[in-house]
8 protein chains.
Amino acid sequence: MKTEIKTLLESVKDGTMSVDDALLRLKAEPYEDIGFAKVDMHRNVIQGNPEVIYGAGKTTSQIIGIMDAMIRNGQSRILITRLDKASAEEVAKVHPIKYDELSRVAVLGEMPEPNGIGKVVIATGGTSDIPVAEEAAITAEIHGNEVIRLYDVGVAGLHRLLSHKEEIMNASVIVAVAGMEGALASVIGGLADCPVIAVPTSVGYGASFNGLSALLSMLNSCASGVSVVNIDNGFGAGYLAGMINHMEVKK
Amino acid sequence: MKTEIKTLLESVKDGTMSVDDALLRLKAEPYEDIGFAKVDMHRNVIQGNPEVIYGAGKTTSQIIGIMDAMIRNGQSRILITRLDKASAEEVAKVHPIKYDELSRVAVLGEMPEPNGIGKVVIATGGTSDIPVAEEAAITAEIHGNEVIRLYDVGVAGLHRLLSHKEEIMNASVIVAVAGMEGALASVIGGLADCPVIAVPTSVGYGASFNGLSALLSMLNSCASGVSVVNIDNGFGAGYLAGMINHMEVKK
Amino acid sequence: MKTEIKTLLESVKDGTMSVDDALLRLKAEPYEDIGFAKVDMHRNVIQGNPEVIYGAGKTTSQIIGIMDAMIRNGQSRILITRLDKASAEEVAKVHPIKYDELSRVAVLGEMPEPNGIGKVVIATGGTSDIPVAEEAAITAEIHGNEVIRLYDVGVAGLHRLLSHKEEIMNASVIVAVAGMEGALASVIGGLADCPVIAVPTSVGYGASFNGLSALLSMLNSCASGVSVVNIDNGFGAGYLAGMINHMEVKK
Amino acid sequence: MKTEIKTLLESVKDGTMSVDDALLRLKAEPYEDIGFAKVDMHRNVIQGNPEVIYGAGKTTSQIIGIMDAMIRNGQSRILITRLDKASAEEVAKVHPIKYDELSRVAVLGEMPEPNGIGKVVIATGGTSDIPVAEEAAITAEIHGNEVIRLYDVGVAGLHRLLSHKEEIMNASVIVAVAGMEGALASVIGGLADCPVIAVPTSVGYGASFNGLSALLSMLNSCASGVSVVNIDNGFGAGYLAGMINHMEVKK
Amino acid sequence: MKTEIKTLLESVKDGTMSVDDALLRLKAEPYEDIGFAKVDMHRNVIQGNPEVIYGAGKTTSQIIGIMDAMIRNGQSRILITRLDKASAEEVAKVHPIKYDELSRVAVLGEMPEPNGIGKVVIATGGTSDIPVAEEAAITAEIHGNEVIRLYDVGVAGLHRLLSHKEEIMNASVIVAVAGMEGALASVIGGLADCPVIAVPTSVGYGASFNGLSALLSMLNSCASGVSVVNIDNGFGAGYLAGMINHMEVKK
Amino acid sequence: MKTEIKTLLESVKDGTMSVDDALLRLKAEPYEDIGFAKVDMHRNVIQGNPEVIYGAGKTTSQIIGIMDAMIRNGQSRILITRLDKASAEEVAKVHPIKYDELSRVAVLGEMPEPNGIGKVVIATGGTSDIPVAEEAAITAEIHGNEVIRLYDVGVAGLHRLLSHKEEIMNASVIVAVAGMEGALASVIGGLADCPVIAVPTSVGYGASFNGLSALLSMLNSCASGVSVVNIDNGFGAGYLAGMINHMEVKK
Amino acid sequence: MKTEIKTLLESVKDGTMSVDDALLRLKAEPYEDIGFAKVDMHRNVIQGNPEVIYGAGKTTSQIIGIMDAMIRNGQSRILITRLDKASAEEVAKVHPIKYDELSRVAVLGEMPEPNGIGKVVIATGGTSDIPVAEEAAITAEIHGNEVIRLYDVGVAGLHRLLSHKEEIMNASVIVAVAGMEGALASVIGGLADCPVIAVPTSVGYGASFNGLSALLSMLNSCASGVSVVNIDNGFGAGYLAGMINHMEVKK
Amino acid sequence: MKTEIKTLLESVKDGTMSVDDALLRLKAEPYEDIGFAKVDMHRNVIQGNPEVIYGAGKTTSQIIGIMDAMIRNGQSRILITRLDKASAEEVAKVHPIKYDELSRVAVLGEMPEPNGIGKVVIATGGTSDIPVAEEAAITAEIHGNEVIRLYDVGVAGLHRLLSHKEEIMNASVIVAVAGMEGALASVIGGLADCPVIAVPTSVGYGASFNGLSALLSMLNSCASGVSVVNIDNGFGAGYLAGMINHMEVKK
């Protein structure tokens, strides 16, 4: 298999194969089967993107095993989400990760230089939404995006949000992170002219029903340009924000 | 019974009995049983408040029957909510009601002069929320309140709401009527210093789940001073707004 | 900034600016950004109201940091809700708070003299609803309200409630706290002539679904003058009760 | 088969077989299979109880077919529930039923003399709950119970309920029918010492969610002796009330 | 107060006052207010019924306090439900209770002789439903009922249930306790001719949604004579069963 | 394309290609794109199975268009489900379908001879479940299965079900169709030793929540060998039953 | 006001003001208040974007009134969604709209030339999802996007989807429209490297719960780059797709 | 009893009684009542099938007691599911079980030789679904089935699934285990021609609502031949798969 990939990469390099064609081919390539997981190979190597491991529900040794397989296949930048502190300490003994306790995100390798269209603004309604926001922020950063953090700008104190009108108007993409009534997404969606990715959080109590309230609120936003990801899914929002912030002309 | 009531009213008039004491006594008074309903008597006669008939699920003849009983007991001002057009036309043949088709509210008798502490502001997120808002507005007006209507000021176009900041800051009570994401209550709650009564409406589609989204959103409002009534319950909000707008010192 | 505020306060003092106008201006004033939170300033200083910190989901050091910022800006009365015992002990080492273990509420500064229109009655259905009721009671008290506690007066033993008919008839505002079937709000709403704020609690089991049963029950109350706050939201109810109990004429 | 049944009935008559033993045997007896339905035979003939047809979702000809089979097997008293008016008129051409339009209940045969332990009280919260209550009332009456109707005694006007304290205290069984917040069951449960059967109704709007609110409320009743049947299930409540009102000593 | 009660009791004893009239009077009697609870007095003393304390959400000292108040007022038989083991051990140091670990029920005083109409059958679908069933059983026994336990007779093994057909046919009342699909109530309801009280349990996983599945199933039972209590509410079922099993002629 | 298919079919016929291999190939074959639908070709031609059109949400002309495409590709047996009567009459003008009004199923072509392992038993709880059951029955029959119908054998009248114990014990597969409490699946599952496919129906009212109750009940069945399809999905059950009844040894 | 706007537009034209700055200013401009609605002005005039009217819940005369106001303010391209056929015919008498019956979308003015980054692919799971997809498609087209329609490519016939792998790989943005199990979004999300906007539809029956099933499924997608809009919200998806397809570098 | 059984078994052996008839008889046989459980006897002895104990909610001594009863009645092969590690260690001291920690399944006795029609394929969407899949796999194996495990083949990486097309096409039955969006069942259902048993898992977070999302998704699968078992019910799926894989001609 190795030779094939090498040939393919050389074709990309010397221009006889486009990146898109190469991607198409690589998507159909085999993966490495390590028993409890099938690790996709090569896809991200070409573009310099990190591979991502969703840490929840995996044992430390499974996580290390997947990292080993990724590194074996040429990947030098890895993002691990939902990694609890104890596991992070175990992993850190084997691979030199940096770990952010608040968002439970670990990163292997250097952060790339931002090279997106513009800036990704990540806003939260309150202080308790910050862990989810940081998961989004680090995800966006490791995918080459400059991130502006606007934390604790919930709509119940509108002046705090309005004093950041300029960052909002000039953003390339905005990630709006909020629990409870989730109104932040609508208000930002009304102010901004760019795509807004709404992340409901499970912050709240009682009739917030673990994020259901914010989720429904965001899905019903009457502001245009707003779409929604799963409750607490900071990674998904950060990833999509980065993708949109790297849109380029396809012929 | 008649004599008792008369005596009681005279005691109130000549000051030997307080209004509160009289109310207390009257609450325990019998009602008129007209078979399908037990019509409370006298309670509102003293204070000039209207009696209220909830029209939904009652036949035209039941409604007329209840009105007859009320009038028989001295009531000259009656509010009928949730009255469909066909029934209203039938009722109008018997009693000289005024009927508002949009809100399906009928009124018998003259509107009183406003005599509240201040003004009741009634705001809606969109055009479709107006029927519920009008139910609230007419209810407040017939209970002696001056109403300011701010319609179609939803948070997705924040400048429309902000251009009415003054009315909001100076309101005595605010009724915030909104469907879909229901964010209006939180934003108004953050701007105002007075009680805000949030009315979720069933306006919307899909994940609005007939008002559930707005309801949960409003219950989770992180703005202080916000409370919530049932979905589409314009009457309840207008009634409570009027009650708050007539607060007076109790010794 | 300081001078501006000072000028403004002096204008209020010497009558060249109304309190409302000052409030309006102050709402647009900057806040102090302490990284993880944006602390609103000055708003409550003028009126003597306490600032409030919602303790849940904040670390002890975040709470202390917010207190520091508040005190730095002239606030001497602070209410902290949802503060667990361990945190409270930490905070108490830095600031001389009084802590109520049952309701998990901490108070910094002296309780003010009651100066409301009348009395706030706080009633509970059962013994287990008392923590939520106390959160409401302390919140109301620190906002200058006299509170009457009627605990364990649930509707299944109607005589217990009826023996307090007088307190209920004479209340300025009533907070009805109940879990399970939440019928207390309706029965009190039927007895009283003042606003009733219903607080569903998560007390119960099985089909109470963590307070959903009481919440729905209260939203569907057929008594007029009843509105609802979030499940277990004693603070919200106490705050709103206090606000209603301080209604005054706005010109 | 006929002879067997006859023998059995004679054994019951001459006392060589107890009613219970006969019932036990009859329950295992064949039914008449009329294609779209399997009609149970004989069971009720002995005790004089009516057979019951649940009319919803059955065509007029199916209903008549089932009646024919019942009559063919000796049954002279039949109760048909959920029968719409058009069908009732069709049925009436074939069998001399009496039809109650409000509750959509039809009865064939004479009402029996009441022979229960005491009286069955059927109470409703409002006027709109009467159709369900009447389904319960007629069901109870055709099973030999004396019924006392207490309609429109909802808890928001407690004095209306309290003025019937005596009927409630003296009832043998109580059926409490209510929509919206469903608090009636708890309050009655607290007043009475007899079994209370709670029937939630779909009366209401918004957060009543078609009876869910009343259902949950009733299931969470903290009054002892309360049990619940399905939303709008007047028949079930009336039947069970009658069963309890005919309890007798089993050796 | 004492003398009044004594007089009343003597009137009952010498026949100048009926038990019902005495009950009616006693229900309106004051309760003992012990701060965190209002303890009803006298009601059960006359009939020999135990007072009941719902232990969940009460501290050990609150429970002991309530017991003290009860005993002070003449009650010698007390039932405590939902009492965890640690609390039970504390209580046992003060009052000589008997504690059943499985059902978490404690009993003070002697069990009375059964004096009901017939026997109460308590059946469970599986082994895991036994704790709820035992709560029902002990509750019924302390109210003077003979209880027959039929455990682990779920419908998936119909022969186990059918081999107890006789107990079921001869029961006075049946309590059907089941989680998961809750079909037991319907099958028993079809076999029996007596009232069936269905108790859904939270036993199960996944789509049982903590008892919701069994609850809905039981509410929808097409067997007549079935009513439902709250999920896991063994006490409610046992109490109601005992009440029905003690029905007697009221004149 | 035609020649390819022909060659392939000949290879199957002369044994140089197995049926499985041919199927595998055909699954990857193109479909006919008729604009609003992409009609799969050939798959069923070989095995004599009918093609199926889900009629709901399709216009009559779309349905006829799809039939035309199917017939054009050699299919002579077509099953159309969820076809309303008006559409059926239109279709019948173009293609000689047989239409069953009760189940809203139309069939084009002759029913095949049954050639399954055994018999498919289709049982319903009540009369109202028959339309769903017939959808299952006709689906099974057109796929070559002998069907035994056991209608109205709900568990509340257990003897009706038990009198068919033999058919149940000897079935190859059983489809259990029931609404309301959905207990039929569990009871049959306990009696039978073959796969039971449970079909919840939307028959019922109130807390049946349009089939949710039966669905949850069936998913929680404690009988082994029971699986569930969507509410009212008679087709899915009939199709799967036929598939299981045609299991054969794969080498 | 006119002069101001004119000046501003001239500043944009002669380059002394950037488009972003102008937008920022215009967002704060007044709107035209036409009683039942507040119509935003000018915003879209500069960029050539259409104004949008959400037709549901508005009367024909309200819609025409809003159109009049928009035209009065210089807008020549208007999109009306959720417009029923009867209203469309009324509107067409006044304004020369084109109306698409399937998607209930009306367009006033010419469609612009596509000028986006790439192509917007709109895929549906089935034929019944086409109306929602067309709402998305027309919305995208009127905002200057080239749209490729891939209809009826649901995952149960994977070859139909896979035969369009190239369009999917080369898309700039993909809108995945599906009801029932909503799996289309995940499968497309796994194949594509561009943002995928998932639109759950209310197509389905039974446990699809009017689109809830597809909504939850799409929110839980484990493919990266997928976000979700409200059930049946074709407009929202088409608008957001167009916005992403017009991303450009912001300095 | 012993003799009866023996006679019956001899009749089976010498061919005077069919296995089916014997089964029928044995099903009606008594069970051993060991107090907290009624253990079915003999049923599985004849066919060599294991008895199954559902370990959740049973104490270790109850489990051992049931095992003892089973062994006493001739059973040598026992499957225990949902057995936590601590209990397993206790049981292992008494009976020589093999315990799989991942799936919490214990097995007593030897695994039988596979003797089914074909192979059972068990596929999972991700790594975290493996515990449920293993419960299914071991259950299928102990019932005599050959199992092929395809783990981590979720639809977001379609090539991983497609590279196993052959195993899927050749399977006798497929068990599709997936959480989150649960799309695996539909995609496999579209590829395969055999029965697919879908097992939703509680893997996921936020709007997965503990498996509800996957459950609804699977119930709404538009692929034919798919049925669903309870969330996380690996045992149920494995058992049913084995049953289908052992279908044989019944005369």
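Note that the structure is a prediction, hence the values are computed from the model and not measured. (Residues numbered from 1 in each chain as written. Chains lettered and ligands numbered in written order. Predicted model: local features only at pLDDT ≥ 70, side-chain atom pairs only at ≥ 80, totals over all residues. Heavy atoms only, no water.)

## Quick notes on the relation of the copies chain H and chain A
And then number 1: Least-squares fitting of chain H to chain A yields an RMSD of 0.0 Å, with the transformation described by 0.0 Å of translation along the axis and a rotation of 90°. Viewed as a symmetry operation, the transformation between the two copies matches a four-fold axis. If distances are taken from each C-alpha of chain H to the rotation axis, the shortest is found for Phe209 of chain H, at 7.4 Å. (Least-squares fit on C-alpha atoms with pLDDT ≥ 70 in both.)

## Focus on the packing of aromatic side chains
And then number 1: Per the stated rule, a full pass over the model turns up 16 aromatic pairs over all chains.
And then number 2: Residue placement shows Arg82 of chain A over the ring face of Tyr205 of chain H; its charged tip is 4.2 Å from the ring centre. (Phe/Tyr/Trp six-rings, centres within 6.5 Å; stacked < 30°, edge-to-face > 60°. Lys NZ or Arg CZ within 6 Å of the ring centre and 35° of its normal.)

## Topic: the interface of chain H and chain A
And then number 1: Contacts between the two partners involve 14 residues from chain H and, on the opposite side, 20 residues from chain A.
And then number 2: Of the roughly 1,400 Å² buried between chain H and chain A on both sides combined, carbon and sulfur atoms contribute 53%.
And then number 3: Where chain H touches chain A, the interface holds zero salt bridges.
And then number 4: Where chain H meets chain A, there are three residue pairs in polar contact (both at pLDDT 80 or more).
And then number 5: For the side of chain H that touches chain A, the class distribution of residues is six nonpolar, six polar and two charged. (Contact = heavy atoms within 4.5 Å. Buried area = accessible area lost by both parts, 1.4 Å probe. Salt bridge = Lys/Arg side-chain N within 4 Å of Asp/Glu carboxyl O. Polar contact = N/O pair within 3.5 Å; in protein donor to acceptor, adjacent residues only side chain to side chain. Nonpolar A, V, L, I, M, F, W, Y, C, P; charged D, E, K, R; others polar.)

## Digging into the sheet that holds strand E3 (residues 51-54) of chain E
All names here are of chain E.
And then number 1: Taken in spatial order, the four strands make up an open sheet running E3-E4-E6-E5, and their pairing is mixed. Strands at the two margins of the open sheet, each flanked by one partner only, are E3 and strand E5 (98-100). Within the sheet, the average angular offset between the axes of one strand and its neighbour, ignoring direction, is 15°.
And then number 2: Sheet analysis places E5 next to strand E6 (residues 105-108), joined by three bridges and oriented antiparallel. Looking at E6, one finds that Lys98 is bridged to Val107.
And then number 3: Contacts from helix H6 (residues 130-142) reach strand E4 (78-81), E5 and E6 within the one sheet, and its direction differs from that of E4 by about 170°. (Pairing = 2+ DSSP bridges. Helix = DSSP H or I, 4+ residues; strand = E, 2+ residues; numbered from the N terminus. Axes fitted to C-alpha atoms, helices over the stretch in contact; angles between N-to-C directions.)

## Here's the deal with the interface of chain B and chain C
And then number 1: Counting residues at the interface gives 37 residues for chain B and 37 residues for chain C.
And then number 2: For the pair chain B and chain C, the two sides together bury roughly 3,200 Å², of which 64% comes from carbon and sulfur.
And then number 3: Across the chain B-chain C interface, the total number found is zero salt bridges.
And then number 4: Joining chain B to chain C, the criterion identifies four residue pairs in polar contact (both at pLDDT 80 or more).
And then number 5: Partitioned by chemical class, the residues of the side of chain B that touches chain C number 22 nonpolar, nine polar and six charged.

## Structural notes on the domain arrangement of chain A
Interface size, as often reported, equals the accessible area lost upon joining of the parts.
Residue and element names in this part refer to chain A.
And then number 1: Parsing chain A into structural domains produces domain 1 (4-108) and domain 2 (119-244).
And then number 2: A combined buried area of about 990 Å² lies between domain 1 and domain 2, and 73% of that area is made up of carbon and sulfur atoms.
And then number 3: When the area that domain 1 buries against domain 2 is broken down by residue, the three leading residues are Leu79, Arg82 and Leu102, summing to 39%.
And then number 4: Glu135 is the salt-bridge partner of Arg82, the closest N and O atoms lying 3.1 Å from each other.
And then number 5: Here domain 1 and domain 2 share two residue pairs in polar contact (both at pLDDT 80 or more) between them.
And then number 6: Breaking the side of domain 1 that touches domain 2 down by element, the ones donating at least two residues are strand E4 (78-81) and strand E6 (105-108). (Domains from an automatic or database assignment.)

## Observations concerning the packing of helix H4 (residues 60-72) of chain H against helix H5 (residues 85-94) of chain H
Residue and element names in this part refer to chain H.
And then number 1: H5 packs onto H4 with a crossing angle of 40° between their chain directions and a minimal axis gap of 10 Å. In this view, H4 runs oblique relative to H5, as classed from their interaxial angle. Helix-helix and strand crossings are classified by hand; for H4 and H5 the assignment is right-handed. Side by side, H4 and H5 meet where Thr60, Ile63, Ile64 and Met67 of the first sit next to Ser87, Glu90, Val91 and Val94 of the second.
And then number 2: For the contact of H4 with H5, the residue count by class is five nonpolar, two polar and one charged. (Parallel < 35°, antiparallel > 145°, perpendicular 65-115°, else oblique. Left-handed = near helix turned anticlockwise from the far one by under 90°.)

## A word on the pattern of salt bridges
And then number 1: In total, this model carries 56 salt bridges over all chains according to the counting rule given.
And then number 2: A salt bridge links Arg160 of chain E to Asp152 of chain E, with the shortest nitrogen-to-oxygen separation between them at 3.6 Å. You'll find Arg160 of chain E and Asp152 of chain E in the same group, each marked buried.
And then number 3: Via salt bridges that share partners, Glu134, Glu141 and Arg149 of chain A belong to a single interconnected network. (Buried < 20%, exposed > 50% of the residue type's maximum accessible area, 1.4 Å probe, protein only.)

## A closer look at the side chain of Ser186 of chain H
And then number 1: Take Ser186 of chain H: it is sitting in helix H9 (residues 184-191).
And then number 2: Judged by relative accessible area, which is 1%, Ser186 of chain H ranks as buried.
And then number 3: Polar contacts involving the side chain of Ser186 of chain H include one to the side chain of Ser221 of chain H, which spans 2.9 Å.
And then number 4: Apart from residues lying up to four places away in sequence, Ser186 of chain H is in contact with Val155, Ala156 and Glu181 of chain G together with Ser221, Cys222 and Ala223 of chain H.

## A look at helix H6 (residues 130-142) of chain H
All names here are of chain H.
And then number 1: Compared with the 18 Å implied by 1.5 Å per residue over 13 residues, the 18 Å span of H6 between its first and last C-alpha is a close match.
And then number 2: Extensive coverage of H6 is indicated by the burial of eleven of its 13 residues.
And then number 3: At the C-terminal side of H6, Gly144 shows a positive phi close to 85°. (Expected span 1.5 Å × (residues − 1).)

## Observations concerning the relation of the copies chain B and chain C
And then number 1: Placing chain B over chain C gives an RMSD of 0.0 Å and needs a rotation angle of 180°, together with 0.0 Å of translation along the axis. Taken together, these values place the two copies in the relation of a two-fold axis. For chain B, the smallest separation between a C-alpha atom and the rotation axis is recorded for Val228 of chain B, amounting to 2.5 Å.
And then number 2: Of the interface residues in chain B, 100% have counterparts in chain C that sit at the interface too, so the contact is made through matching surfaces.

## Some thoughts on the state of the cysteines
And then number 1: As enumerated under the stated definition, the model contains zero disulfides over all chains in all.
And then number 2: With no disulfide partner, Cys194 of chain A has as its closest neighbouring cysteine sulfur the one in Cys222 of chain A, 17 Å distant.
And then number 3: On the basis of relative accessible area, Cys194 of chain A is assigned to the buried category, the value being 4%.
And then number 4: Between Cys222 of chain E, a free cysteine, and Cys222 of chain F, which holds the nearest cysteine sulfur, the sulfur-to-sulfur gap is 17 Å. (Disulfide = S-S within 2.5 Å.)

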